[in-house]
Every structure is written in structure tokens, then in C-alpha cells.
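Architecture and fold: a report
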Amino acid sequence: MATSEAALHSPTGAHGHEGTYSGGIWSWITTVDHKRIGILYGLTALMFFVLGGIEALIIRLQLHGPNAGIVSPQVYNQLFTMHGTTMIFLALMPLGAAFFNFVVPLQIGARDVAFPRLNAFSYWTFLFGGLFLYSSWFWQAPDAGWFGYANLTSTQFSPGPGVDFWFLGLQLLGLSSLVAALNFAITILNLRAPGMKLMRMPLFTWMTLVTSFLMILAFPAITVGLVLLMFDRFFDAGFYNVAVGGDVVLWQHLFWIFGHPEVYILILPAMGIVSEIIPTFSQKPLFGYPVVVYSGVLIGFIGFGVWAHHMFAVGMGPIANSVFSATTMIIAIPTGVKIFNWLATMWGGKIRPKVPFLFAFGFIIMFIIGGLSGVMHASPPADLQQTDSYFVVAHFHYVLFGGSVFGLFGGIYYWYPKVTGKLMSETLGKWHFWLMIIAFNITFFPMHFLGLQGMPRRTYTYESGLGFHDLNLVATAGSFLLGASFLFFFWNFFRSLKKGEDAGENPWNAATLEWAIPSPPPHYNFDTLPTVRSRDPLWAEDGYEKPAADQEPEMPAGSGWPIVVSSGLLLLAIAAITSHLWLVGVGVLIVFVGVYGWSFQPVYR
Amino acid sequence: MSQGDTAALEHHYTTTGQPSRKMLMWAFIGSECMFFGSLITTYLVYHGRNLQGPYPADLLSVPFISVTTFVLLMSSLMMVLALSAVQRGQKKWARVFLFLTAFLGMIFLGGQVIEFTHFAENGLSLSRNLFGSTFFVLTGFHGAHVTVGVIWLLTLWVQSLRGKLGPEHSLSVEIAGLYWHFVDVVWVVLFTVIYLMQGVKT
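Remember, predicted model here, so these are calculated numbers, not experimental data. (Residues numbered from 1 in each chain as written. Chains lettered and ligands numbered in written order. Predicted model: local features only at pLDDT ≥ 70, side-chain atom pairs only at ≥ 80, totals over all residues.)

Concerning the overall build of chain A
Per the secondary structure count, chain A includes 18 helices and 2 strands. Taken over C-alpha atoms, the radius of gyration comes to 24 Å for chain A, in line with the 25 Å a tight globule of 605 residues would show. Seen through its principal axes, chain A has C-alpha atoms that stretch 70 × 60 × 45 Å. Evaluated residue by residue, chain A yields a buried proportion of 57% over its 605 residues. (Helix = DSSP H or I, 4+ residues; strand = E, 2+ residues; numbered from the N terminus. Rg over C-alpha atoms; globule rule 2.2 N^0.38 Å. Buried ≥ 20, exposed ≤ 12 C-beta atoms within 10 Å, placed from the backbone.)

Written as C-alpha cells, this is what we have:
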């Protein structure tokens, strides 16, 4: 008690609150602290990132030369399906969620999220959904591609439990994302500290808000698509069965009405991170703040009106093609606006090329390349040449790896000192960055040419003499170098926990509220709620005010009910895959008991 | 003001002044609109594309479903009265109206059971044709929502019987009410789309 009181009386002390993370495993299982949940999200996402990366390396090994037989065609299909599903749903989205969790409440001056137990529920459901999906490797992994086009997913063409694992896992993950998005939307709208007006919110918080609304409105479409698939597979309904009059294109619409906003769900958090890093390392407020905010909101809106550009090859007719082509080209405008604002922020700033800044800068360059090839296939005639070729593979890896991954890893380097209280090594970080950006381009740039030469996406292998060999070998070599670059990251990541220098409150001299409190923050974040008077509270004179605390605030108590409800849902998924009706009963009972225990448990005890 | 009061105030501090739980329900309803919107669109896209009977006109009974629709709408009225009674602290009326809301919801569900049974006896099933697939999934999901609502309302009713539903808990009733009204509104749309528009060519 003595130490915590001492810390209370010197809230600006350089020493962080190591007590924030102390306690045994039980304290982590029942935690409702947004910081701990953020860490759990981050570590789990990194674990799945490694698994998805290993799958990618096996794919590259298989494609290194003509007629290779490293894995069977069946396993190859499973590898690219699981690679895509993993990277999108189990690595990038949860990594974004890790930052939403850890950073957003700190940035808006809140003590926790609006619904702390719901937050724990989101994490456990995500973890169980991911483990459920991955358990399929021990039985039969899904092999219908990450967008699971009907009727490849029908029982006729995909017998066995692979596709069942896929859609049940995605339902769990979707529920987790929806609940998390609801939580973050309400947290940002309703738990801002006094004076934190919407147009004073940090850009990362803004992009989290936009992303949350995208998730709230986009996930129901895929939920319905997957529900219809479930009824087709389990109960012989005819939604995607052409023989009874069903239409396979319905799946494509439902999937991409979700799937395109999903692209922005993956990229907007990274853009938010870049919008934090660039002003900090240029020591200059973000150029044209309102325009950057509005362009993010606009991307969110237009993002719902472009989905059919994934379907030009379906043959929707000239009117639909023209409309979706036009909306797709329009969405490049707000994206371009953001890029010019970042460049203008750097212009005339005192640039410090620390590792987070390098990643943000890498993001901008790689994302421009990915964005330009994106505008190319906004045109249906060009798209018909490029679709389902390696050109598209190159495009979305520039957007999702060159964009999201660079942005999110920049975020890890940027906020690691706040999370752990330690600085990461700059030297190792620079090794990681330069190796990663060089290897990334060696891996994915040749794929543009492979695609234009006609190499089809998802092909198991290719004949010699088609001219694909050399560039594929280059790409495979690059991919292993890319994998090696992450060894520097993980070495740095774990080494700095012990050997990193103490970070202090604000090692980067950043402007936002999370840097006003100790690193790591105390479990209650802010002993008294700050009053915000500026968009850059830590830079502006008198930018915020925080009255002295006379007591430690009371925080919500931990709860075991969220994990109980999540495990009930997991049991339901297991029941569905094993066709045990009694297990359904047990699952429903556990969910029921969990929800009631939760509802009648007081938040503060 | 004592320190305890300050803490209690801070627990309830919100930027908008609205309770977070209520905003959560509104955001959730937004998500549900997209959910039912996708299901309704599916129903409409497949309308009239049956390759074999039974067809909607063979089975759908507008008079019967009009009665259960009326019952569900009345349960919405009871919900309004229940909330008003809880807010005014009229414990007896709160119990009566909460029970009536749930009871009318159960009658609606009973009507759905009768309808489903009747359709099944006439050869309609999930796998029979597209009408069967779309009808059972769409109305089934609505029925599941009503069921959740009934369980929720009965829970509140039991709480009121135990004397634990005073005016200070009116927010809990208000949020349940938001959900219940939303589920009713969805049914009004389904009633229109499935039963009243069955002859419309899409």
C-alpha cells in the first residue's frame, strides 16, 4: 500500500506501475482491465501471425520452381485458405484490437472501456474461435479459399468437416469482433474526458471509431452469408444450390458487402497509427487535422458502396460495372488526401528517424504502390485481365502487408514503451525495418510481373518453360528473408522487456494524453479525470489540466463469467462439428448460466 | 459532498449524458438492421423462384397471421405501459404489464409454432424448395429474437415480484423495451414482405 500511495502523491513520477500486470494466471483469466486485455490480444495475434507466416513460407517453398511437390495439392489448398483467414481474422484485426484496447481509453482520458466485462468476452471468444479454427489441422483444414465462394463450399464439392470448421470459427470470430466494435464505439462516444470534443480526439481514436462502425454494420452481412451456408450444409437448404433455383452469386454479394468494408477495417487502424507517429516524430501537429478526420470518415462511408468491384468477372452487366468502377475510383481521393497530409506534416518538421517513424514512412510508400495497382483494377477491362492472377496477389499484399502490417508494427514500436515501461532497441529495430522492407519488395514486387505474364492465383504449381520460374524463385528467396527479419523483431521484443532502458512517461515527446501518465500506467489510468483544452494537450501551453488526487479510484472488479459464456459458445461450435445434440444442450446451459451470473454480478465490489 | 459521492458520480460520468447501456442497445439495433436487412433481401431475391411447390399462396394465411401480428403489436403497447409504471414506482402495475408483455409475446410464438407445424404437415421444409429455406430461416430468426425477448421480460418480471425493480432500475426496463419494440418493428416489415406482398413479382 505504501508504494501505491507514494505513486499517487507523485503521479508524474518517472517510475511506472509494475503492479498493473502483477498477479497470477487467475487474475489474467478474470481480468476486465483494458490494458491487460490489450496485451492478451496483442500476444495472441502475434502467435497467429507467426502461424500464418509459416503457412506462407510453405506456400512459397512449393512455388519455388516448376512441378515442385513439397506438399500435396490438397494440403496446398488448405495452406492458402488458412493463411488468408489467419492473417485477416486472427492476426491483423486482433492486432488492431490490441491497440484499440490499450491505447484508446488512455487517449480519451478514460479509466476503462464502457463495458469491461464485455471486452473480456470479446477476447476469449476471439481466442476460442482461433483455436477452434486451428484445431482443424488435426482433422481436416478448410480448403475453399479465404472467401469461400459458393458452391465450392457445398457438401457436394467440400465433403468432410473442413468448411464446417471454417464457417463455425468465423461465426465465433465475427461475434467477438461485433461485440468489441460495439464496445469501442460507445467508449469513444461516451467516455471522453471533459473537454475532449470529437474534433480534439487523436487520429487513432478517430479511426478506431470509424472502424468500429464499419464492423457494426458490415459483420451482419457475412453472418447471414455464413448462416445460409450453415443451413445448406447441415439441413440441406437450397440457398446456394443451383439445382433447386439458388444463386451462387448471392454468396459473393453477402460476402463482399462485408468483405470490402473489411479491407478498410484492416487499413484504417494502421492509418490512424501513422497519423499519430508522423506528427510525433516531426514534432509538428498533424497538417490539416479536420481534413484527415473527414477523409477517414468518407472512406468509411464510400467503403460500403464499392463491394462489387470484387465481382467484375461475374458478369453483372455494364451499368453495375460502371457504377462500382466509379465509386472505387472516387475512394482513391480521400486516401490520397491523407497521404498528402502526412507528407505536409513532415514538411518543415524536425524529423527524428526513429524506428516507429521508419515504419510509418515505409507504410506510406508501400501503400501508395498498393493503392496505385488498386486504382488499376477499378477499371473493369483492366480488372478482367488482372483478376485471379498473381497481379492481384501482389496488389493486396502491398495494401495489407505493405500497409496494415507496416502500420501495426510501427504501432508496436511506438507504444511498446507505454505498455511495458521499457524502450525497444533502436539498432535491432532498424535491422528489422530495413530487412523487412527490402525483403518485402523482393517477395511481392515480382508477383506483379508474374500476374501480367498470366500466372494464375492459387495455382498449385506451374510447368517449366512458361517463364514463371526465375521470378518465383526470387519471390521465394525474398519470403524467407522476410521471415528472418521478424527474428530481429521477436528478439528485440523479448530482450527489451528485461534489458530495455526505462522509458519514462513520454519518451517520444508526443502530444496525446496516453503520454501524460506513467509507463506502464496504473491500473486505473487516471486518478482524476483530466480536462482537455487542446487537440495536442501535451504540446499546447495549458493543454490539459489534471487535479491532484486524494484517493485511488475504485475500479470494476474482475469477473470469471465472460470466459464461461465464451466457453459455452465454443462448446456449441464443437457440438455442431461433432453432431452431438446433447452437447448443444450443455453449451446452451453454460451460456445461459454464464449470462445470468454475469447480469446479476455487480460491476464494483 | 463526500468522497463516496464523488466516486459514484464518476462511475456514472458520460460525455453525452446518455447512459452507455442505452447507447449500446441503439448501436446493436443498427447492427441488427443490417442482419435482418440481409435476410429480407435474400427472401426477396428468391421470391418466386421455386422449382416445385408448395408455393407461398398455397400455405400463407393472412387472416391467421394478422391476429398474431395484432397480438405482438399489443405487447408493444404493454411494454410502454410497463416502463411507465416502473418509472412512476407503481409496483403492482409494473408486474401486471411486464407479465402481459411477455405473455402476448408467448402467444405470438405459439402462433408461429402452429403455423410452422401446419406448413411442415403440408410438405414444406428447409430442403423442400427455396420458399421453405428462406421462409423458415427468416421467420425462425425473428422467432428466436422474440424468444430471447420473452426470457428477458420474464426475468424482469421475476425481479419485480421480488421487489427489486424500483424506479431506479427503470433504465433496465427501458433497454429491454428498445429491444422489444425493435423486434416488433421487424415483424411489421416481415408481415408486409412475406404475407402482404406475396403476389408481387420481384
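Having put the structure on the table, let's press on.
Focus: the overall build of chain B
If you tally the helices and strands in chain B, you get 7 helices and 0 strands. Secondary structure elements in chain B, listed N-terminal to C-terminal, are α-α-α-α-α-α-α. Once the C-alpha set of chain B is aligned to its principal axes, its extents read approximately 75 × 35 × 25 Å. Here chain B holds 202 residues, and 33% of them are scored as buried.

Quick notes on the interface of chain B and chain A
Across the boundary between the two partners, chain B contributes 29 residues, which contact 32 residues of chain A. Taken together, the elements giving at least two residues each to the side of chain B that touches chain A come down to α1 (3-11), α2 (20-45) and α6 (130-161) of chain B. Among the elements that line the side of chain B that touches chain A, the one with the most residues is α2(B), at 13 residues. Classifying every residue of the side of chain B that touches chain A by side-chain character gives 13 nonpolar, 14 polar and 2 charged. (Contact = placed C-beta atoms within 7 Å. Nonpolar A, V, L, I, M, F, W, Y, C, P; charged D, E, K, R; others polar.)

Considerations on the nonpolar core
In terms of nonpolar packing, the biggest core is built from 225 residues, with A:A185 and B:A82 touching the most fellow members. Broken down by element, the residue count for this core peaks at 21 residues, all from helix α7 (residues 203-235) of chain A. Look past the residues within four positions of A:A185 in its chain and what remains in contact with it is A:L209, A:S212, A:F213, A:I216 and B:A27. Grouped together as the second largest cluster of nonpolar side chains are 5 residues, A:L79, A:F80, A:M82 and A:A141 included. (Core = buried A, V, L, I, M, F, W, Y, C linked by C-beta atoms within 7 Å.)

Re the environment of B:P56
Residue and element names in this part refer to chain B. Looking at where P56 falls in the secondary structure, it is placed in helix α3 (residues 56-59). Spatially, the C-alpha atom of P56 lies 48 Å from that of E168, the residues being 112 residues apart in sequence. With sequence-adjacent residues up to four places away left out, P56 is seen in contact with F131 and Q198.

Considering the packing of helix α8 (residues 248-282) of chain A against helix α9 (residues 289-302) of chain A
All names here are of chain A. At a closest axis distance of 11 Å, the pairing of α8 and α9 adopts a crossing angle of 175°. Judged on the interaxial angle alone, α9 and α8 are roughly antiparallel. Residues Y264, L268, M271 and S275 of α8 touch α9, and the partners they reach there are V292, G296, I299 and G300. Here the residues of the contact of α8 with α9 sort into 5 nonpolar, 3 polar and no charged. (Axes fitted to C-alpha atoms, helices over the stretch in contact; angles between N-to-C directions. Parallel < 35°, antiparallel > 145°, perpendicular 65-115°, else oblique.)

Observations concerning unusual backbone geometry
Of note, the amide linkage connecting A:A150 to A:N151 takes the cis form, showing an omega dihedral of -5°. Structurally, A:N151 is set in the loop between α5 (116-135) and α6 (162-190). Going from B:G53 to B:P54, the amide bond is cis rather than trans, its omega being 0°. As for its placement among the helices and strands, B:P54 is situated in the loop between α2 and α3. Located in the positive-phi region is A:R458, a residue other than glycine, with phi close to 65°. One can find A:R458 in the loop between α15 (426-452) and α16 (469-499). A count of 14 C-beta atoms within 10 Å places A:R458 in the partly exposed class. In this structure, A:D542 is a non-glycine residue whose phi angle is positive, near 60°. Secondary-structure assignment places A:D542 in the loop between β1 (531-532) and β2 (544-545).

Quick look at the environment of A:S295
Residue and element names in this part refer to chain A. Mapped onto the fold, S295 is located in helix α9. Judged by C-beta crowding, with 21 C-beta atoms within 10 Å, S295 ranks as buried. Between the alpha carbons of S295 and M366 there is a distance of 20 Å; along the sequence they are 71 residues apart. Ignoring sequence-local partners within four residues, the contact set of S295 consists of P334, V337 and K338.

Side note on the environment of A:M196
Residues and elements named next belong to chain A. Within the secondary structure, M196 sits in the loop between α6 and α7. Using a count of 27 C-beta atoms within 10 Å as the deciding quantity, one classes M196 as buried. Along the primary structure M196 and S534 are separated by 338 residues, whereas in three dimensions their C-alpha atoms are 8.1 Å apart. Apart from the residues within four sequence positions on either side, M196 is in contact with I108, G109, M201 and V532.

A look at the packing of α6(A) against α2(B)
Orientation of α6(A) relative to α2(B), taken along the N-to-C sense of each, is 130°, at an axis distance of 10 Å. As summarised for this structure, α6(A) and α2(B) are arranged oblique, according to the angle between their axes. For the pair α6(A) and α2(B), the crossing hand works out as right-handed. Counted together, A:L178, A:L182, A:A185, A:I186, A:L189 and A:N190 of α6(A) and B:S20, B:M23, B:L24, B:A27, B:F28 and B:S31 of α2(B) form the full contact between these two elements. Of the residues that constitute the contact of α6(A) with α2(B), the class distribution is 9 nonpolar, 3 polar and no charged. (Left-handed = near helix turned anticlockwise from the far one by under 90°.)

Concerning α7(A)
Residue and element names in this part refer to chain A. Its 33 residues place the ends of α7 47 Å apart at the C-alpha level, agreeing with the 48 Å of an ideal helix rising 1.5 Å per residue. If you look at α7, its biggest bend is around 30°, right at A218, and the proline P220 turns up within four residues after that. With respect to burial, α7 is a largely interior element, 30 of its 33 residues being buried. The positive-phi residue at the C-terminal boundary of α7 is D236, with phi of around 60°. (Expected span 1.5 Å × (residues − 1). Bend = angle between axes of the 7 residues up to and from the residue.)

Some details on the confidence of the model for chain B
Counting all residues, the mean pLDDT for chain B is 93, and 94% of those residues have values of 70 or more. Model confidence for the complex: the whole-complex pTM is 0.95, and ipTM, which rates the interface, is 0.94. (pLDDT = per-residue confidence, 0-100.)

Things to note about the confidence of the model for chain A
Of all residues in chain A, 97% have pLDDT values of 70 or greater, and the mean over the chain is 94. This model gives residues 1-14 of chain A a pLDDT under 50, and the stretch forms 13 contacts once residues within four places in sequence are excluded.

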